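The chain contents come next:
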Amino acid sequence: MRKRLKINNLQAFLQELQKQATLIAPVKTDAGEREFRPVEQVADIVLEGSNPLRSPKEYLFPQMETLYTFHLQKDGKATLKETLHNEPQIILGIRPCDLHAIAYVKEFYSTTHQDVYVLEKWKHTILIGWACQNPLNTCFCTSVGNSPVDSKGADIMMAKTDSFYLVEVLTVKGKDLIEKIPSLLEDSPEADNEVLPSIQKQTESMIREKVDLLSIKGRIDSAYSSSIWKSYSDVCIACGACTFNCPTCTCFDSADLLETCQDGCRYRTWDTCQNYAFTLHASGHNPRATREARLRQRVMHKYQYSVEQLGLFSCTGCGRCTRSCPVNIDMVSIIKDIKEVVDHGEE
Amino acid sequence: MKKQIEQNVQQLLTQIWKPGDLIIAWKNASLPGHRTPAFLYRKEDIQDIVFDSFCDISLAKYLNERNRQEILPPHFKGKIHIVCKPCDAKSVMQTFSDQQISETLVNLIVVACDGIIDRKKIEKHCDQSIVDMQETDFQILCTDISGKEYVFEKRESWLRKCEDARNCDLPYYYGYYFVGDEKEYRTRLKHRYQTHKKLPQDTMSPKELQQKIHQELSRCIRCNACRNICPACFCSDQCVFDKPKERAKLVENQVTTENTILYHMIRFHHIAPNCTGCGECERACPKDIPLHIFFEYFNRCMEEEFGYKPGKTNDERQKLLSYNLGEDLV
Ligand code: SF4
Ligand code: SF4
Ligand code: SF4
Ligand code: SF4
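Residues numbered from 1 in each chain as written. Chains lettered and ligands numbered in written order. Predicted model: local features only at pLDDT ≥ 70, side-chain atom pairs only at ≥ 80, totals over all residues. Heavy atoms only, no water.

Draft legend 1. Inspection of the overall build of chain B at higher detail. Along chain B, the regular secondary structure elements total 11 helices and eight strands. The C-alpha extent of chain B, read off along each of the three principal axes, is 50 × 50 × 40 Å. By residue count, 57% of the 330 residues in chain B fall in the buried class. Sequence-distant contacts, at least 24 apart, represent 69% of the contacts inside chain B between residues at least 6 apart. (Helix = DSSP H or I, 4+ residues; strand = E, 2+ residues; numbered from the N terminus. Buried < 20%, exposed > 50% of the residue type's maximum accessible area, 1.4 Å probe, protein only. Contact = heavy atoms within 4.5 Å.)

Draft legend 2. Representation of unusual backbone geometry in the model. Positive phi, normally seen in glycine, also occurs at Asn328 of chain A, with a value near 60 degrees. Here Asn328 of chain A shows up in the loop between helix 9 (320-324) and helix 10 (331-344). Non-glycine residue Asn224 of chain B carries a positive phi angle of around 75 degrees. For Asn224 of chain B, the position within the fold is in the loop between helix 7 (206-217) and helix 8 (225-229).

Draft legend 3. Fine view of the sheet that holds strand 2 (residues 35-40) of chain B. Residue and element names in this part refer to chain B. The strand order across the open sheet built from five strands is 2-1-3-4-8, with neighbouring strands paired in mixed fashion. Here the strands that pair on one side only, and so sit at the sheet edges, are strand 2 and strand 8 (176-179). Between one strand and the next, the sheet's axes are offset by a mean angle of 30 degrees, whatever the strand orientation. By the bridge criterion, five bridges tie strand 3 (residues 80-84) to strand 4 (residues 106-111) in an arrangement that is parallel. When the bridges of strand 4 are listed, His81 appears paired with Asn107. Against the sheet, helix 3 (residues 86-97) contacts strand 1 (22-28), strand 3 and strand 4, and its axis sits at roughly 155 degrees relative to strand 4. (Pairing = 2+ DSSP bridges. Axes fitted to C-alpha atoms, helices over the stretch in contact; angles between N-to-C directions.)

Draft legend 4. Local environment of the nonpolar core. In this structure, Tyr303 and Ile338 of chain A together with Leu108 of chain B are the most contacted members of the largest nonpolar core, which totals 115 residues. If we ignore the near neighbours within four places in the chain, the residues touching Ile338 of chain A are Ile216, Ile220, Ala223, Ile228, Trp229 and Val299 of chain A. (Core = buried A, V, L, I, M, F, W, Y, C linked by side-chain atoms within 4.5 Å.)

Draft legend 5. Region of interest: the packing of helix 2 (residues 96-111) of chain A against helix 8 (residues 291-310) of chain A. All names here are of chain A. Relative to each other, helix 2 and helix 8 sit at 50 degrees, their axes nearing to 12 Å. Taken as axis vectors, helix 2 and helix 8 run oblique relative to one another. Helix 8 is crossed by helix 2, and the crossing has left-handed handedness. Residues Tyr104, Glu107, Phe108 and Thr111 of helix 2 pack against His301, Ser306, Gln309 and Leu310 of helix 8. (Parallel < 35°, antiparallel > 145°, perpendicular 65-115°, else oblique. Left-handed = near helix turned anticlockwise from the far one by under 90°.)

Draft legend 6. Spatial organisation of helix 10 of chain A. Residue and element names in this part refer to chain A. Over its 14 residues, helix 10 runs 20 Å from end to end, which matches the ideal 20 Å to within 8%, given 1.5 Å per residue. All of the buried residues along helix 10 are Met331, Val332, Ser333, Ile334, Ile335, Ile338, Lys339, Val341 and Val342. Residues of helix 10 that are buried in the fold lie against helix 6 (228-233), helix 8 and helix 9. N-cap assignment for helix 10: the residue whose side-chain oxygen lies 3.0 Å from the backbone N of Val332 is Asp330. Just downstream of helix 10, Gly345 is the residue with a positive phi angle, here 75 degrees. (Expected span 1.5 Å × (residues − 1). Polar contact = N/O pair within 3.5 Å; in protein donor to acceptor, adjacent residues only side chain to side chain.)

Draft legend 7. A look at the site of ligand 1. Residues in contact with ligand 1, as listed here, are Phe140, Cys246, Pro247, Lys302, Cys315, Thr316, Gly317, Cys318, Gly319, Arg320, Cys321 and Met331 of chain A. The residue makeup of the shell around ligand 1, split by class, is seven nonpolar, three polar and two charged. (Near = heavy atom within 4 Å. Nonpolar A, V, L, I, M, F, W, Y, C, P; charged D, E, K, R; others polar.)

Draft legend 8. Local environment of the layout of surface pockets. One number sums up the size of the second largest pocket: a volume of about 1,100 Å³. If you go around the second largest pocket, you meet 32 residues; those closest to its centre are Ile228, Ser231, Tyr232 and Asp337 of chain A together with Lys27 of chain B. At the level of secondary structure, the elements contributing two or more residues to the lining of the second largest pocket comprise helix 6 and helix 10 of chain A together with strand 1 and strand 2 of chain B. For the lining of the second largest pocket, a count of residues per class yields 12 nonpolar, eight polar and 12 charged. (1 Å grid on protein atoms, 1.4 Å probe; cavity = no way out; pocket = protein on both sides within 12 Å on 5 of 7 lines; lining within 4 Å. Points joined across faces, edges and corners; volume = space filled by probe spheres on them.)

Draft legend 9. Expanded view of the interface of chain B and chain A. Facing 46 residues of chain B, the contacting portion of chain A comprises 48 residues. Linking chain B with chain A are four salt bridges, by the criterion used here. A salt bridge links Glu70 of chain B to Arg291 of chain A, with the shortest nitrogen-to-oxygen separation between them at 4.0 Å. Between the two partners, chain B and chain A, sit 19 residue pairs in polar contact (both at pLDDT 80 or more). Grouping the amino acids of the side of chain B that touches chain A by side-chain chemistry returns 17 nonpolar, 13 polar and 16 charged. (Salt bridge = Lys/Arg side-chain N within 4 Å of Asp/Glu carboxyl O.)

Draft legend 10. Main features of the pattern of salt bridges. Inspection of the entire model under this criterion finds 43 salt bridges over all chains. Where Glu216 of chain B meets Arg219 of chain B, a salt bridge forms, and the shortest distance between an N and an O atom there is 3.2 Å. Given a relative accessible area of 12%, Glu216 of chain B falls into the buried group. For Arg219 of chain B, a relative accessible area of 12% corresponds to the buried category. Shared partners join several salt bridges into a network, and the residues in it are Glu33, Glu35 and Arg37 of chain A together with Lys212, Glu216, Arg219 and Lys287 of chain B.

Draft legend 11. Fine view of the sheet that holds strand 5 (residues 78-82) of chain A. All names here are of chain A. Here we have four strands laid out as an open sheet, ordered 5-4-12-11, and antiparallel in their pairing. The open sheet has two free edges, formed respectively by strand 5 and strand 11 (252-258), since each of these has just one partner strand. Strand after strand, the sheet turns through a mean of 20 degrees between neighbouring axes, direction not considered. Looking at chain direction, strand 4 (residues 64-72) and strand 12 (residues 263-270) are connected through seven bridges and run antiparallel. Its bridge partner lying in strand 12, Thr66 is registered against Tyr267.

Draft legend 12. Structural context of the side chain of Glu163 of chain B. Residue and element names in this part refer to chain B. With respect to the helices and strands, the residue Glu163 is situated in the loop between strand 7 (149-153) and strand 8. Since its relative accessible area comes to 19%, Glu163 is described here as buried. Each residue touching Glu163, except ones within four places of it in the same chain, is listed here: Lys121, Trp158, Tyr193 and Lys197.

Draft legend 13. Geometry of the packing of aromatic side chains. Residue and element names in this part refer to chain B. The tally for this structure, following the rule as stated, stands at 16 aromatic pairs over all chains. Arranged with centres 5.8 Å apart and planes meeting at 45 degrees, the rings of Phe96 and Tyr173 form a pair that is tilted. Of this pair, Phe96 sits in helix 3 while Tyr173 is found in the loop between strand 7 and strand 8, placing the two residues 77 residues apart along the sequence. For the residue pair Phe96 and Tyr173, the accessibility class agrees, reading buried in each case. (Phe/Tyr/Trp six-rings, centres within 6.5 Å; stacked < 30°, edge-to-face > 60°.)

In C-alpha cells:
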C-alpha cells in the first residue's frame, strides 16, 4: 500500500504517531547534534540532514540494560524479577543502512540464542524508514550491496519529494498503524513509482566510491594472513569508539550490582572486541593479545564470520566507524585493501 | 610555505635515516582534511610524509612502551625518528620523564607550526558533508557533496589549543632537530595570541558548574577514546577501568552519568601531573564533549599551586607522584 502525505500535513501526521506510542526520532539536542531520542514535541524532529552518529540500535539493544533484579527475603529465600521493557515504540527516520542494522541485530539475537530482551522490544517496535538523500563522505552502503532507498526491514518507508512525502506501508504492523490515522493520507498515483528510483540515482551519485564486496562474499577469509591488518593496527589505539558507534556490534558484558545486602541487579553493558581484556582468560592467556588480531577480528566479523553464520554482511556501510575513529582509520581503505588481496593476492 | 616545510622535513629525514630505523610521521588519509599516522621503514617512503595544517593527531602516543610493543618489528635495533609539532614535543618530553622510552632511542624532529585546523569545526559550518578540503596561506577552501563551495579564514578555524600561543612554545631540551627557523619561530610566538581562556570554573557558581558538568558528561558513551589517545595515559591494558580481574573495581561498568563523572574525575586527577594540555582527548571524542573544562583547569592548578608545567623538560620530577620531596622516581 502506498500513500502520499502533503508537506503541510507532516506535523499533524507526526502528532498522530506520537499518540499511538512512544515516538523516537532524530531531534536536535541542546548540544547541537542530531540524535535519536524520544520525542517531546514533534516540532523538534529534524528528518533531513546526515545520519546521527548514534544509531537507533540502542532502542532495541541499549548500551546499558538491567536484566533482572534480585532480593533476599527475611526468610532467606531469594526472589528474581525479570525487567522486560516492552512498551510500544515507533522509531521514525531510520536510514536504509540502519534498517539493515536493526534487521541484522534481530536476526543475530534470534539465531545464536533467543535474546528475549531484544526480541521483546523488537516485537513492540514499529520501524519507519527514511530514504536517504544526505550521504556523508564516510558512507559506502552500495559497497556492501545496500542502497540509499532500500526499505528491507522497515514497516513503513517514507521519502521526501519537493511537493509531498511518499509513505509506503510494507508490513501488517505498519498497516495497523496507518489504519489508525487514515484522514491525513492521500492515494498515490502510478507516477510515484519513480520517486524512490530517482532518489536512489541522485544519492548514489554522491556516494564517494563503490568497492564491490559482493563479488568476494564468502571468500574474504583468504586475506586472513595478509599484512594489511598490521598496517592499520599500528595506527589503531584500540579505543573501541568504532564499535561503540557501530549499529551492528552486538557484544556485551554483564555484571552484578549490589545496592544493599539484600537487593541488587544483573545488568549488561556494551563491550568492545578492541579492548585487550575482552578475550583475556582467567589463566592469563589472551588469544587476541595484539591489536592486529583484534582489528582483524572486528573487520572479519563484519565481512566474513557473519556471512558464515547468517549469510549476511554485518557491515551496513554506514561509515560510523570511520566517523568516530580518532586516528582516521577509514573502513573504505580497509575494504579496498581486502578486495585487492582477495582478488590478486599479496604483492 | 607549508609545502617548503614538508620538503625540509623529508630532506632532513633522508639525511638522518639509517637502514633499520623507524620514522613516525603523518601521511594523507583518503578523506578530505584527514591525515593519519605513518610508520615508515624504507627510504623511498619518506616522500609520502605530509606536514600541513591538517596534521592534528599527536604522534607522541606511539612512543610509549605498550604501543612500541605493538608496532616495532621483533629485534628492532634502530632509532625512532618522530616528527612533532611543538605541542606534541612536550608530550614526548613527558614520555621521557615518565620513563616510557629511553631518550637514546629517539630522534625528535620538531616542525615550526602556525596552527592546526579544527576539522570538526569546519565540517559543522558546512551544510553537507565535505568532499574536498584544501588550504592556502590564510584560508581553507571546502567543497561539499552537493558541489557548494566554502571559504574559511584560518585564524578563525584553529584548534582551541592553537589559539593560545603558550601551548606552542618549545621544551627546554637540546636534543631535537628543528625544521624551520627556530629563532624566528620564537619571535613569532611572542606576537601570537596569549591568554588564559575563560573556563566555566571562572564564571559559574559551584552549582551551575556541577550542572554543566553533569549535562556535558551525560552525553559521554564511555568509548574510552579520550583515554586511549592521551599520550599521558600509558597504563594501557592495566588501566583500572578495564575490567580489572585482580584489582579493586573503581567504577562500575554501568554507564550512568554518575559513573561517567567518576571515570573522568579519576582519569583527570590521575594524569594531572602528566597532562601537557595537548587537547587530544577533546579532539578524539566522537561526541565532541568539551573536555578542556577539565584538563585546562587542572593544568592551571598545577601551574599555580606547584609552579609546574608538564612537558617543559625531559627530566623534571613529577609532582604528586612522589611521597617525599626530592624522592627519585621509581
Ligand atoms: S563496521 Fe563501520 S560502516 Fe560497517 S556497520 Fe559498523 S560502523 Fe557502519
Ligand atoms: S576507533 Fe579507530 S583507533 Fe579506536 S579502536 Fe576503532 S579503529 Fe582503533
Ligand atoms: S572520548 Fe568522549 S564519549 Fe568517549 S569516553 Fe571520552 S568523553 Fe566519553
Ligand atoms: S588529558 Fe587530554 S590534554 Fe591532557 S595529555 Fe591527555 S589527551 Fe592531552
